[in-house]
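The chain contents come next:
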Amino acid sequence: MKEMSTQSFLKAEALCKTYDQAGERVSVLKNINLELSKGDFIALLGASGSGKSTLLHCLGLLDTWDSGEVFFEGRPLSKLSEKEQARFRLEKLGFVFQFHHLIPELSAEENVALPASILGANRSPRARELLDWVGLSHKLKSFPWQLSGGEQQRVALARALINDPVLLLTDEVTGNLDRARSKEILELLRRIHSTLGTTILSVTHDEELAASYDRRIRLSEGQL
Amino acid sequence: MILGLLCLVAGLNVAAALVVLFLERDREIAVLRAVGLSRSQLLGWILIQGTLMGVVSAAVGIALSHVFGVILQHLPIAELPGQVYNLTHIPLKFVFREQLAVSVFGVMAAWLLSLLIGISLVKGSFLDTLRHRK
C-alpha cells in the first residue's frame, strides 16, 4: 500500500466559471475553494446543474475556468502548456465518465491499454491484471457492446488506472446503474483507494452512496 | 485536360475517404484527448494516417488501372464495333509520367486535407464532443 500523508496536493482557489447560455452569461462556479489531501476519499454532492461536473472537469484539466487557480502539489495548473496539461491527464490523473466512453471497436483489454499506448508503452499484461482486479478476467476480448452497464464502467475504471494515477476523478459513474451494480462500483472505488492509495473525488447525487465516503462536499448553485 | 480530371477525381476520393476516416471518429479522438493525447500528437497521428492512406490509395489505384487496362485491351469483353468507331478496342496507353503526376497529386491532396481536418479537430473542444456523444 502506498504511504498516505496529509499533504495538500490538489487545491482550487477562488475558482469561477461562467457559461454562455442563449446569449446570457450563467455563473456555474462561484468562488470555489477546495482542498484535497493525498489519500482522500471524497464524494462531491449536489443537485443536477449545481456545477459539480464542471468543477470536476476543471480539476481534471478537461475544461478551463475564468478566474482563480487550481494547484497540484503546489503547482498552478493554468500555467502548464497544452502539452504539459495532456501529460498531466495521462500520467497523474484517471478520469471516469458517466457514459464510460469506451471505444466500441476495441476489446476490453485494448480499451484499458489505450492510455498507455499514448506513452508508447505496451501495457497489455497490466491491462489484463487490472481487468482481473475489477473482476473481468473472463471478458478480456469482449467488446463494449457485449458488456453490461456495470461491466462497461468497470472497464472504464480499469482504463483510468492503467498509468497508475495518483488522483482519480469519477463523474456520476453509478448514474446509469441499478442499486446492486452501484454498490459494486462503490466497493471497487473503496478497494482502489485502500489498496493503491489513490486519492478519489467522486461526483454523485446519490446521498446513500455518498454516505460511504470518508468526506462529503456539497455544491449548491455553484458554491460549496 | 484528362490528367486534370483524373487529379480531380483522385482528390475528391481522397477527401471523401479522409472525412469518413477522421470526422466520423470524433468520439474516439475526444476520448484519446481526454486521457492525455496532446494536440501535436493528434495532429501528427492524423497527418501520418492521412498521408499513408493517400500513398496506399495511389498504389492500389495504379495497380488496378493496369489490371483493368490489360483486361480492356486483350479480352473480348470490351470489343467495339469497328464499323461504327473505326476501332475494335478502347485505345489505352500507360504513360508513367502521367501516372506519377496523378499519384503525387493524390498523396499531396491527402496530406493537405489531413492537415486541414487535423487543425479543425485539435481546435475543437473534446469535452463538448464527449458531452454530446453518449
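Residues numbered from 1 in each chain as written. Chains lettered and ligands numbered in written order. Predicted model: local features only at pLDDT ≥ 70, side-chain atom pairs only at ≥ 80, totals over all residues.

## Quick word on the pairing of strand β8 (residues 199–204) of chain A
Residue and element names in this part refer to chain A. Where burial is concerned, most of β8 is hidden: six out of the six residues are buried. Judged from the five bridges that link them, strand β3 (residues 41–45) and β8 form a sheet pairing that is parallel. Residue pairing in the sheet places F41 in a bridge with I200 of β8. Alignment of strand β7 (residues 167–171) against β8, held across five bridges, turns out to be parallel. Within the sheet, the bridge partner assigned to L168 lies in β8 and is I200. Viewed along the sheet, the connection from β7 through helix α6 (residues 179–196) into β8 turns out right-handed. (Buried ≥ 20, exposed ≤ 12 C-beta atoms within 10 Å, placed from the backbone. Helix = DSSP H or I, 4+ residues; strand = E, 2+ residues; numbered from the N terminus. Pairing = 2+ DSSP bridges. Right-handed = clockwise from strand over helix to strand, strands pointing away.)

## So, the interface of chain B and chain A
Each partner contributes to the interface: chain B provides 13 residues, whereas chain A provides 17 residues. Sorting the residues of the side of chain B that touches chain A by element identifies α2 (26–35), α3 (39–74) and α6 (126–132) of chain B as the ones contributing at least two each. Ranked by residues supplied to the side of chain B that touches chain A, first place goes to α2 of chain B with five residues. (Contact = placed C-beta atoms within 7 Å.)

## A closer look at the sheet that holds strand β4 (residues 67–72) of chain A
Residue and element names in this part refer to chain A. The four strands lie next to each other as β2-β1-β4-β5, forming an open sheet whose pairing is antiparallel. Two strands lie at the open edges of the sheet, namely β2 (24–37) and β5 (75–76), each paired on one side alone. The pairing of β4 with β5 spans two bridges and is antiparallel. For F72, the partnering residue across the bridge sits in β5 and is R75. On the sheet, helix α1 (residues 52–59) packs against β1 (8–21), β2 and β4 and is oriented at approximately 125° with respect to β1. (Axes fitted to C-alpha atoms, helices over the stretch in contact; angles between N-to-C directions.)

## Re the environment of H193 of chain A
Along the chain, H193 of chain A turns up in helix α6. If sequence neighbours within four positions are ignored, H193 of chain A has contacts with F41, T198 and I200 of chain A.

## Some details on the sheet that holds β7 of chain A
Residues and elements named next belong to chain A. Spatial ordering of the open sheet is given by β6-β7-β8-β3-β9, a layout of five strands whose pairing is parallel. The outermost strands of the open sheet, each flanked by one partner alone, are β6 (93–96) and β9 (215–218). Averaged over all neighbouring strand pairs, the angle between strand axes comes to 15°, with direction disregarded. Relative to β9, β3 is paired through four bridges, and the arrangement is parallel. Its bridge partner lying in β9, A43 is registered against R216. On top of the sheet, helix α5 (residues 149–161) reaches β6 and β7; it is set at about 165° to β6, its chief contact. Where α6 meets the sheet, it contacts β3, β7 and β8, and its direction lies at approximately 160° from that of β8.

## Considering the packing of α5 of chain A against α6 of chain A
Relative orientation and spacing of two packed helices are given, respectively, by the angle between their axes and the distance between those axes. All names here are of chain A. The interhelical angle for the contact between α5 and α6, taken along N-to-C directions, is 15°, at an axis separation of 10 Å. When the axis of α5 is compared with that of α6, the two are roughly parallel. The element α5 and its partner α6 pack so that their crossing is right-handed. Contacts between α5 and α6 involve G149, G150, Q153, R154, L157 and L161 from the former and R181, E184, I185, L188 and I192 from the latter. Of the residues in the contact of α5 with α6, the class split is five nonpolar, three polar and three charged. (Parallel < 35°, antiparallel > 145°, perpendicular 65-115°, else oblique. Left-handed = near helix turned anticlockwise from the far one by under 90°. Nonpolar A, V, L, I, M, F, W, Y, C, P; charged D, E, K, R; others polar.)

## Here we look at unusual backbone geometry
Among all residues save glycine, negative phi is the norm, and among peptide bonds the norm is trans. Residue and element names in this part refer to chain A. A positive phi angle, near 50°, is found at D164, a position not held by glycine. Within the fold, D164 resides in the loop between α5 and β7. On the basis of neighbour count, D164 is assigned to the exposed category, with 12 C-beta atoms found within 10 Å. Despite not being glycine, E172 shows a phi value in the positive range, around 50°. Among the secondary structure elements, E172 is positioned in the loop between β7 and α6.

## Considering the confidence of the model for chain A
Here chain A averages 88 in pLDDT, and 97% of its residues register 70 or above. Scored below 50 in pLDDT, residues 1–5 of chain A makes eight contacts in the model with residues more than four places away or belonging to other chains. (pLDDT = per-residue confidence, 0-100.)

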